[in-house]
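Below, each chain spelled out in residue letters.
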Amino acid sequence: MAVAPSFQPLLVPTIFPVIEEITLKQLFRNITIDKDTCIAWLKSNGLLATGMMCKCGRIMRPGTFSGFADGKGWRCPEKSCKKFASMRIGSFFEGAHIPLTELVEFLYFWADNMQTTAFLHKNLVWGEHTITDWKNFLRDLCVEEFLVNPQPIGGPGHIVEIDESKFGHRKYSRGRMLSGQWVFGGIDRETKDIFMIPVQDRSAATLVPLIQRYILPGTTILSDEWASYNSIPAASFQHLTVNHSLNFVDPNTGVHTQTVDSTWGGAKKWLRNCMTTNPIPLDTHLSEVCWQNNVEKLVSPTLSWK
Ligand SMILES: [Zn+2]
């Protein structure tokens, strides 16, 4: 089936601005003082397209158009075409109906931890629903990013406990969790940073690449004596085990994996609460738990590690 042609935004490749380096004074004076200044700043920072190719293949020209929120957009010079395109096409702002100046101010506040609804309502004069929607949207983007691009935990001098646990039984059946889904995870004993990944099986071929992706080299890894863990590369990690069939704490070495065991308990309790109300895939839920824990450092009351 032929795919309908679409507008092609032309973006300036750029390093995105670092919010922490922009002061409030600069924001209000140099970025959001008016619509045109804001648009120019967004374009020069790669956040809005600097050019647009029409569906017909012609390069479009900047034009004014009252039908768009920004009053500006792109117009095709081809006489038989003459299409208009919003300047937001292909950008983060596409589809939003809020003025760009307000959105940029919101993003600044959000990124610099001025996130309370009261603060945003007072300063942006947005309704509570709008504020909640945008905060949820940004949070979802962060969780998604965390899923695709996780930050490994541990490192030299750190101890990470790892374990596998079976998640999901009939209790979750209203959600989309498969019954009996294995989840592999770990927790840094010191920072309490975690990772949790749904896995098809518990073979070395599955678990070892995950260890290498989610745990930094130089980490001391503690686990039970599951055979797959024998393949943990000794060149990258120090690996200690505890025999769970004999003891939960190895009497000679003091090795235990009780921190990761309580992590599973907390995560499962949390999942039980949210799977029924929000049936999104398990990996997204787990990514959100990890995001909350590692990045927001806002451990939900049901998730306790101690
Ligand atoms: Zn055209």
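For clarity, every value in this text was computed on a predicted model and none was experimentally measured.

Cut-offs and rules
Residues numbered from 1 in each chain as written. Predicted model: local features only at pLDDT ≥ 70, side-chain atom pairs only at ≥ 80, totals over all residues. Heavy atoms only, no water. Core = buried A, V, L, I, M, F, W, Y, C linked by side-chain atoms within 4.5 Å. Buried < 20%, exposed > 50% of the residue type's maximum accessible area, 1.4 Å probe, protein only. Helix = DSSP H or I, 4+ residues; strand = E, 2+ residues; numbered from the N terminus. Contact = heavy atoms within 4.5 Å. Pairing = 2+ DSSP bridges. Axes fitted to C-alpha atoms, helices over the stretch in contact; angles between N-to-C directions. Parallel < 35°, antiparallel > 145°, perpendicular 65-115°, else oblique. Nonpolar A, V, L, I, M, F, W, Y, C, P; charged D, E, K, R; others polar. Salt bridge = Lys/Arg side-chain N within 4 Å of Asp/Glu carboxyl O. Arc of directions from axis to C-beta. Polar contact = N/O pair within 3.5 Å; in protein donor to acceptor, adjacent residues only side chain to side chain. Donors = N, O, S within 2.8 Å, 3.2 Å for Na, K, Ca; no water. Tetrahedral: all angles 85-135°; square planar, octahedral: opposite > 155°, others 65-115°.

## Some points on the nonpolar core
Part 1: Core analysis: the biggest nonpolar cluster contains 50 residues, and Leu-42, Met-52, Met-60, Val-104, Phe-106, Trp-126 and Met-196 have the highest contact counts within it.
Part 2: Among the elements that make up this core, the one with the highest residue count is helix H3 (residues 100-111) (seven residues).
Part 3: Look past the residues within four positions of Met-60 in its chain and what remains in contact with it is Phe-7, Met-52, Met-53, Cys-54, Trp-74, Arg-75, Cys-76, Pro-77, Lys-83, Phe-84 and Ala-85.
Part 4: Ile-153, Ile-162, Phe-184 and Ile-197 belong to the second-largest nonpolar core, a separate cluster that totals 16 residues.

## Concerning the side chain of Ser-228
Part 1: Here Ser-228 shows up in the loop between strand E9 (220-223) and strand E10 (238-241).
Part 2: A relative accessible area of 9% places Ser-228 in the buried class.
Part 3: With residues up to four places along the chain from it excluded, the contact list for Ser-228 reads Arg-202, Ser-203, Ala-204, Leu-207 and Val-208.

## A short note on the sheet that holds strand E3 (residues 61-64)
Part 1: If you walk across this open sheet you meet the three strands as E3-E4-E5, and the pairing is antiparallel. Among the strands making up the open sheet, the edge pair consists of E3 and strand E5 (84-86). If you compare each strand with its neighbour and ignore which way they point, the axes differ by 45° on average.
Part 2: Alignment of E3 against strand E4 (residues 72-75), held across four bridges, turns out to be antiparallel. Residue Gly-63 lies in a different strand from E4, and its bridge partner there is Gly-73.

## Overview of the packing of helix H2 (residues 35-44) against H3
Part 1: The interhelical angle for the contact between H2 and H3, taken along N-to-C directions, is 60°, at an axis separation of 9 Å. Between H2 and H3, the angle falls in the class oblique. In this structure, H2 uses Lys-35, Cys-38, Ile-39, Trp-41 and Leu-42 to contact H3, whose residues at the interface are Leu-100, Thr-101 and Val-104.
Part 2: Split into classes, the residues belonging to the contact of H2 with H3 amount to six nonpolar, one polar and one charged.

## Re the pattern of salt bridges
Part 1: What the rule picks out here adds up to five salt bridges.
Part 2: The shortest N-O distance in the salt bridge between Lys-72 and Asp-36 comes to 3.2 Å. Here Lys-72, found in strand E4, pairs with Asp-36, found in helix H2; they are 36 residues apart in sequence, far enough to count as distant.
Part 3: On the basis of relative accessibility, which here comes to 29%, the residue Lys-72 falls in the partly exposed class.
Part 4: Residue Asp-36 is classed as partly exposed on the basis of its relative accessible area of 43%.

## Considering the pairing of strand E7 (residues 181-188)
Strand residues, when the strand is regular, have side chains that alternate between the two faces of the sheet.
Part 1: For E7, the tally of buried residues reaches seven of eight residues, placing the bulk of the element in the interior.
Part 2: For strand E6 (residues 159-167) and E7, the ladder comprises eight bridges, and the chain directions are antiparallel. Within E7, the position partnered with Ile-162 by the bridge is Gly-186.
Part 3: Direction of pairing for E7 relative to strand E8 (residues 194-199): antiparallel, over a ladder of six bridges.

## Re H2
Part 1: For H2, the complete set of buried residues consists of Cys-38, Ile-39, Trp-41 and Leu-42. The arc that holds the buried residues of H2, viewed along the axis, is 165°, so those residues lie on one side.
Part 2: Contacts made by the buried residues of H2 are with helix H1 (24-31), E4 and H3.
Part 3: Put simply, Asp-34 is the residue that caps the front of H2, since its side-chain oxygen is 3.2 Å from the backbone nitrogen of Asp-36.
Part 4: A positive backbone phi angle near 75° is found at Gly-46, which sits one or two residues after H2.

## Here's the deal with unusual backbone geometry
Part 1: We note that Lys-82 has phi near 60°; this positive angle belongs to a residue other than glycine.
Part 2: Tracing the sequence through the fold places Lys-82 in the loop between E4 and E5.
Part 3: Even without being a glycine, Val-125 presents a positive backbone phi close to 55°.
Part 4: Within the fold, Val-125 resides in the loop between helix H4 (117-124) and helix H5 (128-148).

## Topic: the coordination of the zinc ion
Part 1: Coordination of the zinc ion by the protein involves Cys-54 (SG), Cys-56 (SG), Cys-76 (SG) and Cys-81 (SG), with metal-donor separations of 2.2 to 2.3 Å.
Part 2: With four donor atoms in place around the zinc ion and angles of 103 to 118° between them, the coordination shape is tetrahedral.
Part 3: Donor residues for the zinc ion sit on one chain with the sequence pattern C-x1-C-x19-C-x4-C. Within this pair, whereas Cys-56 is found in the loop between strand E2 (51-53) and E3, its partner Cys-76 is found in the loop between E4 and E5, the two being separated by 20 residues in sequence.

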